[in-house]
Amino acid sequence: ALHLLTDDALILESGGIETKEEYRAHHLPADIGFARAVPRERGPIHVTVRGDVAWAASASTSRGEYQGRAINSAGAELMVLVRDAGEWRIAAIHWSSRALRS
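Student: Just checking my understanding: could you explain the pairing of strand S1 (residues 5-13) for this structure?
Tutor: The side chains of a regular strand alternate between both faces of the sheet. In this structure, S1 lies alongside strand S7 (residues 87-99), joined through 4 bridges in parallel fashion. The residue bridging Leu 5 from the neighbouring strand is Ile 90, located in S7. Pairing of S1 with strand S2 (residues 16-19) involves 4 bridges; the strand directions are antiparallel. Its bridge partner being in S2, Glu 13 is matched across the sheet by Gly 16. In this antiparallel pair of consecutive strands, S1 and S2, the connection spans 2 residues, and Ser 14 shows a positive phi of 55°.

Student: Where do I start with the pattern of salt bridges in this structure?
Tutor: Pairs can form between side chains of opposite charge once their charged atoms are near each other. Using the criterion set out here, one finds 6 salt bridges in the structure. The salt bridge involving Lys 20 is made with Asp 7; its shortest N-O contact spans 3.8 Å. You can see Lys 20 sitting in helix H1 (residues 20-25) and its partner Asp 7 sitting in strand S1, a full 13 residues away along the chain. Note that Arg 40 is salt-bridged to Glu 77, the shortest N-O span being 3.6 Å. One end of the pair, Arg 40, is in strand S3 (residues 40-42); the other, Glu 77, is in strand S6 (residues 69-84), and 37 residues separate them in sequence. Overall, the relative accessible area of 10% leaves Glu 77 in the buried class. If you follow the salt bridges from partner to partner, you end up with Arg 40, Arg 42 and Glu 77 in one network.

Student: What is the right way to read the packing of aromatic side chains from this model?
Tutor: Two aromatic rings are characterised by how far apart their centres lie and by the angle between their planes. As enumerated under the stated definition, the model contains 2 aromatic pairs in all. Measuring from centroid to centroid gives 5.9 Å for Tyr 23 and Trp 95, while their planes differ by 35°, and the two rings are tilted. Note that Tyr 23 is positioned in helix H1 and Trp 95 in strand S7, a separation of 72 residues in sequence. With relative accessibility at 6%, the residue Tyr 23 sits in the buried group. Exposure remark for Trp 95: the relative accessible area of 24% places this residue in the partly exposed category.

What counts, and where the lines are drawn
Residues numbered from 1 in each chain as written. Predicted model: local features only at pLDDT ≥ 70, side-chain atom pairs only at ≥ 80, totals over all residues. Heavy atoms only, no water. Pairing = 2+ DSSP bridges. Helix = DSSP H or I, 4+ residues; strand = E, 2+ residues; numbered from the N terminus. Salt bridge = Lys/Arg side-chain N within 4 Å of Asp/Glu carboxyl O. Buried < 20%, exposed > 50% of the residue type's maximum accessible area, 1.4 Å probe, protein only. Phe/Tyr/Trp six-rings, centres within 6.5 Å; stacked < 30°, edge-to-face > 60°.

Structure (structure tokens):
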């Protein structure tokens, strides 16, 4: 999936900002593990296109267990895409989540 990111993409999560290469080295393996282990229900994806820029926003709920820890959280995701030579690529991603009460 990294090939879908622009070379100068920024990833915002856990209160920080990472470049594509920093994300590959730091958070990507844990994000893949989490996504494989914890089922997620995603709501509708809202997409807006303005010329060669677009953004997609969605919300989700994750419930399950990851590394021995119970997960019950709501999340929000935003991706900013740019069209270059007819191809859409992701220029920025922001994820946030909060615990849900049981």
